[in-house]
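# Reading the structure
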Amino acid sequence: MATVTFDQATRIYPGGDRPAVDKLNIDIADGEFLVLVGPSGCGKSTSLRMLAGLEDVNDGAIRIGDRDVTHLPPKDRDIAMVFQNYALYPHMTVADNMGFALKIAGVNKAEIRQRVEEAAKILDLTEYLSRKPKALSGGQRQRVAMGRAIVREPQVFLMDEPLSNLDAKLRVQTRTQIASLQRRLGTTTVYVTHDQVEAMTMGDRVAVLKDGLLQQVDSPRNMYDRPANLFVAGFIGSPAMNLVEVPITDGGVTFGNSVVPVNREALKAASDSGDKTVTVGVRPEHFEIADGEAKSVSKDAPAGVAVTVNVVEELGADGYVYGSAEVAGSQVDIVVRVGGRSVPLKGDVLHVVPRGGETHVFSTSTGERLSD
Ligand code: ADP
């Protein structure tokens, strides 16, 4: 086991107009499960491949423990990688697939067998050891790919979208298995996914990338509670946070007739730099429905923003209302979570108030967070 450090690590592909990964700084603790997440093309795989030694590092450094591995070949880094396509050898049995790297490394037969059997036990693959990959289900193949990494007992596991070939249900099961396996083995792990739910449920910490730039690295809880900028606010959470542009007034920032707390100094700095508006963020689950029963449409409804319901998505336990509202003189789309037993109808009007302490304010011009 070991720490992993990205120190200003930069990758510029030949002919690229900007770095694919730009001065990436992340300190990963010994035994930590770190997830790199972001939209396609943000630089996740490039970052992982730099750590693996499959991609040159043009500037900065990468360290595993106290070893500078920046220019070491992959085989000298003491890492094991699990790929998206598993890359199993079709003509070899499960046991031979799992033990192959050890065989190449010259480990003796008895030890290979012992390590393969141990890994198979952990992964529930014992009865499949003599099968070929084509005689396995997708989930079993995925576990063989994991097994191949585990038997090497590396300092670091690298995983690049290892669940993307599984169906939705199996993905959910397997992500729980991988997360608990990682905790049990305690091996430092760097995991790449484009799926923010996967990132949030698996990682000890999550690093969000956009256009090759690190946006925030934080625990899932902090990432959700206190996104550092507009991009992270919109990326983490599903359905996404409502983001509405409102004017900066003498009284500060309001959403409908609710005052939204903001860091005064940060707001003043934004205002001094010429900003006339800020962007207020409220997650769909952080609205109170002011008129109590969601179904009722009351003329003298209490305070709140009036949301006209366009579409209702019923999920059983709860539901999401997709509506439109007028906020600060503009028509905006608003998504509101409602209880499963009080789902309104299309055309109803809900009066919604952001719950105290659950609002976010961002600079509209720079995206930077302006609330505490
Ligand atoms: P992600 O894994 O987040 O989808 P990548 O790390 O694969 O993103 O790619 C980051 C950026 O680098 C993208 O703009 C992509 O087009 C570019 N890129 C990736 N691989 C290469 C390559 N071999 N040559 C040139 N550009 C590349």
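Conventions used here
- Residues numbered from 1 in each chain as written.
- Predicted model: local features only at pLDDT ≥ 70, side-chain atom pairs only at ≥ 80, totals over all residues.
- Heavy atoms only, no water.
- Pairing = 2+ DSSP bridges.
- Helix = DSSP H or I, 4+ residues; strand = E, 2+ residues; numbered from the N terminus.
- Axes fitted to C-alpha atoms, helices over the stretch in contact; angles between N-to-C directions.
- Contact = heavy atoms within 4.5 Å.
- Domains from an automatic or database assignment.
- Buried area = accessible area lost by both parts, 1.4 Å probe.
- Salt bridge = Lys/Arg side-chain N within 4 Å of Asp/Glu carboxyl O.
- Polar contact = N/O pair within 3.5 Å; in protein donor to acceptor, adjacent residues only side chain to side chain.
- Buried < 20%, exposed > 50% of the residue type's maximum accessible area, 1.4 Å probe, protein only.

A few words now on the sheet that holds strand β8 (residues 188-193). Taken in spatial order, the six strands of this open sheet run β6-β7-β8-β3-β9-β10, and their pairing is mixed. In the strand order of this sheet, the two ends are held by β6 (79-82) and β10 (213-218), each with one partner. Averaged over all neighbouring strand pairs, the angle between strand axes comes to 15°, with direction disregarded. In this structure, strand β9 (residues 205-210) lies alongside β10, joined through five bridges in antiparallel fashion. Bridged to L209 within β10 is L214. Relative to the sheet, helix α4 (residues 138-150) contacts β6 and β7 (156-160), its axis offset from that of β6 by approximately 175°. Sitting on the sheet, helix α5 (residues 168-185) is in contact with β3 (33-37), β7 and β8, with an inclination near 140° to β3.

What the domain assignment lists for the protein is domain 1 (4-231) and domain 2 (239-363). Taken over C-alpha atoms, the centre of domain 1 sits 39 Å from the centre of domain 2. Each side of the interface is counted separately: domain 1 has seven residues, and domain 2 has nine residues. Taking both partners together, domain 1 and domain 2 bury about 580 Å²; carbon and sulfur atoms supply 62% of that area. When the buried area of domain 1 at its contact with domain 2 is split by residue, Y224, P227 and L230 rank highest and sum to 86% of it. Our count for the domain 1 to domain 2 interface comes out at zero salt bridges. Where domain 1 meets domain 2, there are two residue pairs in polar contact (both at pLDDT 80 or more).

Time to look at the pattern of salt bridges. Scanning the entire structure with this criterion turns up 16 salt bridges. Its salt-bridge partner being R49, residue E55 comes within 3.1 Å of it at the nearest N-O pair. Residue E55 is classed as buried on the basis of its relative accessible area of 14%. The salt bridge involving R221 is made with D225; its shortest N-O contact spans 3.1 Å. With R221 and D225 both in helix α7 (residues 220-225) and four residues apart, this pair spans about one turn of that helix. For D225, a relative accessible area of 36% corresponds to the partly exposed category. Each of R11, R49 and E55 takes part in a single network of salt bridges with overlapping partners.

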